[in-house]
Amino acid sequence: FLDIEEIKFLNRLAKKTIDQFGEGSIFCEIGSFCGKSTASIASALREKNGGVLYAIDWHQGSSSMSGFGTKEYRSTYEELIDNLEKFSVKDRVRIIKNKSEDSIEAVPEKLHFLWIDGAHEYDAVKADFNNYSKKIVEGGYLLFHDACWTGWSEPFQVIKRKVLGNPRYSLYACIGNTMVFKKIP
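All values reported here derive from a predicted model rather than from experimental measurement.

Moving on, we come to empty space enclosed by the protein. Under the counting rule described, the total for this entry stands at one cavity of 30 Å³ or more. A volume near 40 Å³ is recorded for the largest cavity. Partitioning the lining of the largest cavity into residue classes produces five nonpolar, three polar and one charged.

This is the structure:
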């Protein structure tokens, strides 16, 4: 889960992204869950009066979540909607209620900000990186949650194999469990 420093950082980086790329900035979030990160990013978009966030989540959880696949597990979709309405940011978000691997075409070809926090299994994180990172424009931001200081090692394994040492990305920041890279020419 996101801590307060990560929430604040997402908001600041979203504002910086709009300052850098303009009011037409395109953001993509893989893994909205209940909307904490969604609301933080979208609040920055509302404040800057620019940008749109594509929020991808099928809202049925994943095998890495307790209760997944049981009758007790509940969809997070209604809570996401409630949170977006609570923070008056729903108009800045394009909700894609689907799995990320089935949503590639629904997201524009040019992204300025990509936040990967969907399924945490290695193959899922790798697929999200492979499918969406090619859409990030030069100077754009690639963010991974649960990338360090966490019980999940899979996101960091993808980072280690696909991003660290990749001449297309430079480490920009590490805040809590979030690692941020900037795409370079």
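Leu114, Leu142 and Phe144 are the most contacted members of the largest nonpolar core, which totals 26 residues. When residues no more than four places from it in sequence are discounted, the contact partners of Leu114 are Cys28, Ile30, Tyr132, Ser133, Ile136, Tyr141, Leu142 and Leu143.

Quick look at helix H3 (residues 77-86) now. Looking only at H3, the buried set comprises Leu80, Ile81, Asn83 and Leu84. Seen end-on, H3 carries its buried residues on one side only, within an arc spanning 165°. Seen from the open side of H3, the exposed residues pointing more than 90 degrees away from its buried face are Glu78 and Lys86. The inward-facing, buried residues of H3 contact helix H2 (36-48) and strand S3 (93-96). Note on H3: the residue one or two positions beyond its end, Ser88, has a positive phi of about 55°.

At a minimum axis distance of 8 Å, the contact between helix H4 (residues 122-132) and helix H5 (residues 154-163) shows a crossing angle of 45°. Compared by their axis directions, H4 and H5 come out oblique. Viewed along their axes, H4 and H5 form a crossing whose handedness is right-handed. Residues Tyr122, Val125, Lys126, Phe129 and Asn130 of H4 form the contact with H5, whose own contacting residues are Glu154, Pro155, Gln157, Val158, Arg161, Lys162 and Val163. Of the residues contributing to the contact of H4 with H5, the split by class is six nonpolar, two polar and four charged.

Cut-off values and rules
- Residues numbered from 1 in each chain as written.
- Predicted model: local features only at pLDDT ≥ 70, side-chain atom pairs only at ≥ 80, totals over all residues.
- Heavy atoms only, no water.
- 1 Å grid on protein atoms, 1.4 Å probe; cavity = no way out; pocket = protein on both sides within 12 Å on 5 of 7 lines; lining within 4 Å.
- Points joined across faces, edges and corners; volume = space filled by probe spheres on them.
- Nonpolar A, V, L, I, M, F, W, Y, C, P; charged D, E, K, R; others polar.
- Core = buried A, V, L, I, M, F, W, Y, C linked by side-chain atoms within 4.5 Å.
- Buried < 20%, exposed > 50% of the residue type's maximum accessible area, 1.4 Å probe, protein only.
- Contact = heavy atoms within 4.5 Å.
- Helix = DSSP H or I, 4+ residues; strand = E, 2+ residues; numbered from the N terminus.
- Arc of directions from axis to C-beta.
- Axes fitted to C-alpha atoms, helices over the stretch in contact; angles between N-to-C directions.
- Parallel < 35°, antiparallel > 145°, perpendicular 65-115°, else oblique.
- Left-handed = near helix turned anticlockwise from the far one by under 90°.

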